[in-house]
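So the chains spell out like this:
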Amino acid sequence: MSIFEYNGSALVAMVGKNCFAIGSDRRLGVQLQTIATDFQRISKIHDRLFLGLSGLATDAQTLYQKLVFRHKLYQLREERDMKPETFASLVSALLYEKRFGPFFCQPVIAGLGDDDKPFICTMDSIGAKELAKDFVVAGTASESLYGACESMFKENMEPEELFETVSQALLSSVDRDCLSGWGGHVYVVTPTEVKERILKGRMD
């Protein structure tokens, strides 16, 4: 078993019309044993920028703390929030810095940039960015998430339809992966509001 699969995870981010959704499962396991069913994989950096971290949970928490620290320094110096593209470059640089002993994480970054244009991106454990205009996935359930998102995605979805699409893709995908699941956690972000919803899924 790969170290990336040790705790299990499923992450997906998808763009809509001037909005985006980011969702994750809630299981924290140690290989096949479930430890917690309310694990938080998605973190808010600021109102228009969210970060999801799949992979090894301990590394994810360490990396999150380092990124929050760097973002707060940026806010103090620049007196503004970081743009999603800038934050993606920061994450990438931080990961590449540790390339010889990497953080075992696969981040998913989603945010609203200038003109409320949604930005989503993922990267590997050494910071190689993968930008997308529709959706990005990460974690142990990524293969089934690719299939579900590929078939369900439509362009210019409104926030409610986007939430429904992400939720259905997430729930149907984690049912096909024994290392992730136990419900879901979805954020839908528009220029004016952030909606957070907990999904109930199969509890096995």
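Parameters at a glance
Residue indices begin from 1 for each chain and proceed along its sequence in written order. Note on the predicted model: pLDDT of at least 70 is required for a residue's local features to be given, and 80 or more for side-chain atom pairs to be given and counted; whole-chain, interface and lining totals, by contrast, use all residues. Processing note: side-chain calculations cover all non-hydrogen atoms of the structure and skip hydrogens and water entirely. Secondary structure elements are taken from DSSP: a helix is a run of H or I of four residues or more, a strand is a run of E of two residues or more, and numbering for both begins at the N terminus. Exposed residues in this analysis have more than 50% of their type's maximum accessible area, buried residues have under 20%, and partly exposed residues fall in between, with area computed by a 1.4 Å probe over protein chains only. Contacts are assigned to residue pairs with any non-hydrogen atoms lying within 4.5 Å of each other. Accessible surface area values rest on a Shrake-Rupley calculation with a 1.4 Å probe, where residue burial reflects the displayed protein chains alone. Charge counting follows a simple rule: Lys and Arg are positive, Asp and Glu are negative, and His as well as the terminal groups are ignored. By convention, charge coordinates are those of NZ in Lys, CZ in Arg, CG in Asp, or CD in Glu. Pairing between two strands requires that DSSP report at least two bridges joining them. For helices, the fitted axis covers only the stretch in contact; all axes are lines through C-alpha atoms, and the angles between them, taken along N-to-C directions, range from 0 to 180 degrees. Counting rule for disulfides: a pair of cysteine sulfur atoms within 2.5 Å. Polar contacts here mean pairs of N or O atoms no more than 3.5 Å apart (in protein, one a potential hydrogen donor and the other a potential acceptor; neighbouring residues in sequence count only if both atoms are side-chain atoms). Patch definition: residues with relative accessible area over 30% and no salt bridge; like charges joined within 9 Å; nonpolar side chains (Val, Leu, Ile, Met, Phe, Trp, Tyr) joined within 5 Å. When a carboxyl oxygen of Asp or Glu is within 4 Å of a side-chain nitrogen of Lys or Arg, the pair counts as a salt bridge.

Scanning the protein from N- to C-terminus turns up four helices and twelve strands. Referenced to the eigenvectors of the C-alpha coordinate spread, the extents of the protein come out at roughly 45 × 40 × 25 Å. Taking all 204 residues of the protein together, the buried fraction comes to 52%. Here the analysis covers contacts within the protein between residues at least 6 apart in sequence; of these, 62% occur between residues at least 24 apart. Accessible surface for the protein amounts to roughly 10,000 Å². Of this, 49% is attributable to carbon and sulfur atoms. For the protein, the centre of its 23 positive side-chain charges and the centre of its 28 negative side-chain charges are spaced 4 Å apart.

A separate point is the pairing of strand E5 (residues 42-46). A large share of E5 lies buried, amounting to four of its five residues. Note that E5 and strand E6 (residues 49-55) share four bridges and pair antiparallel. Of the residues in E6, the one forming a bridge with lysine 44 is phenylalanine 50.

Picture the strands of a sheet paired through backbone hydrogen bonds; they go either parallel or antiparallel. Read from one edge to the other, the open sheet built from five strands follows the order E10-E1-E2-E11-E12, with strand pairing classed as antiparallel. Taken across any chain shown, the strands that pair with only one partner, and hence form the sheet edges, are strand E10 (135-139) and strand E12 (194-199). Ignoring which end each strand starts from, the neighbouring axes of this sheet average 10° apart. In the sheet, strand E2 (residues 20-25) pairs with strand E11 (residues 184-189) via six bridges, with the strands oriented antiparallel. For glycine 23, the partnering residue across the bridge sits in E11 and is valine 186. Across the sheet, helix H3 (residues 142-152) touches strand E1 (10-15) and E10, and the angle it forms with E10 is around 160°. Most of the contacts of helix H4 (residues 159-174) go to E1, to which it runs at about 155°, and overall it touches E1, E2, E11 and E12.

On to the state of the cysteines. Any covalent bond linking the sulfur atoms of two cysteines counts as a disulfide. Evaluated as defined, the whole model comprises zero disulfides. Counting only cysteine sulfurs, cysteine 121 is the nearest neighbor of cysteine 105, a cysteine outside any disulfide, at a range of 14 Å. We classify cysteine 121 as buried; its relative accessible area is 0%.

Moving on, we come to the environment of aspartate 116. Here aspartate 116 shows up in the loop between strand E7 (105-112) and strand E8 (118-123). Aspartate 116 gets classed as partly exposed once you look at its relative accessible area, which sits at 25%. Considered as a pair, aspartate 116 and proline 191 are 75 residues apart in the sequence and their alpha carbons are 6.2 Å apart. Beyond its immediate stretch of four places on either side in the chain, aspartate 116 contacts Asn18, Arg48 and Pro191. Only 2.9 Å separates the side chain of aspartate 116 from the side chain of arginine 48, close enough to count as a polar contact.

Glancing now at a nonpolar patch on the surface. Residues Ile3, Phe4 and Tyr6 make up a contiguous nonpolar surface patch of about 220 Å² in total accessible area. Residue placement: isoleucine 3 occurs in the segment before E1. When its relative accessible area of 35% is taken as the criterion, isoleucine 3 is described as partly exposed.

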